[in-house]
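What follows is each chain in one-letter form.
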Amino acid sequence: MADVKLINPIETADEYEDLFKEEIANYKKSHPEFRKLVVIVDDLDRLSAKKVVAALDAIKAFVDVDECIFIVTCDENILINALEKEKLNKTTEYIDGELFLDKLFHFRMPLPPIIESDMKK
């Protein structure tokens, strides 16, 4: 007979974070060479404003897990506008999108724009 384990549905970001930390701890026990989990998020700025905010909220739940590194490639102006637009729709309080990103990400590295003449070479 199969061993069945019932898990209560996860409802909050804190519960997801706790489960995630538990899974990483279990993985580390069986894989002692494990050091970091690198999560790369691409095309975040191509989502609707509502989905951008939902994705950033999801990242926020896991960004403080020591074993994780998040790399998010995006046009941060699009993220800032989405944050300010969506958060303002949910509350009368103004949200500073850039301040939100500063608190969420430990390092931000802006890249210079691509110069089309360089692309031809």
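Quick note: structure is the one above.
Quick caveat, the model's predicted, so the values are computed rather than measured.

Caption draft 1: Expanded view of the layout of surface pockets. Approximately 940 Å³ is the volume found for the largest pocket. Looking at the largest pocket, it is lined by 25 residues, and the ones nearest its centre are Ile71, Val72, Phe107, Arg108 and Met109. Those elements that provide at least two residues to the lining of the largest pocket are strand S2 (68-72) and helix H3 (76-90). Ranked by residues supplied to the lining of the largest pocket, first place goes to S2 with 5 residues. In terms of residue class, the lining of the largest pocket is made up of 17 nonpolar, 2 polar and 6 charged.

Caption draft 2: Looking closely at the pattern of salt bridges. Enumeration according to the criterion identifies 6 salt bridges in this entry. With its nearest N and O atoms 4.0 Å apart, the salt bridge here joins Arg108 to Glu98. Taken together, the residues Arg108 in the loop between helix H4 (97-104) and helix H5 (116-120) and Glu98 in helix H4 connect sequence positions 10 residues apart. It is possible to trace a salt-bridge network through shared partners that takes in Glu76, Glu98, Asp102 and Arg108.

What counts and how
- Residues numbered from 1 in each chain as written.
- Predicted model: local features only at pLDDT ≥ 70, side-chain atom pairs only at ≥ 80, totals over all residues.
- Heavy atoms only, no water.
- 1 Å grid on protein atoms, 1.4 Å probe; cavity = no way out; pocket = protein on both sides within 12 Å on 5 of 7 lines; lining within 4 Å.
- Points joined across faces, edges and corners; volume = space filled by probe spheres on them.
- Helix = DSSP H or I, 4+ residues; strand = E, 2+ residues; numbered from the N terminus.
- Nonpolar A, V, L, I, M, F, W, Y, C, P; charged D, E, K, R; others polar.
- Salt bridge = Lys/Arg side-chain N within 4 Å of Asp/Glu carboxyl O.

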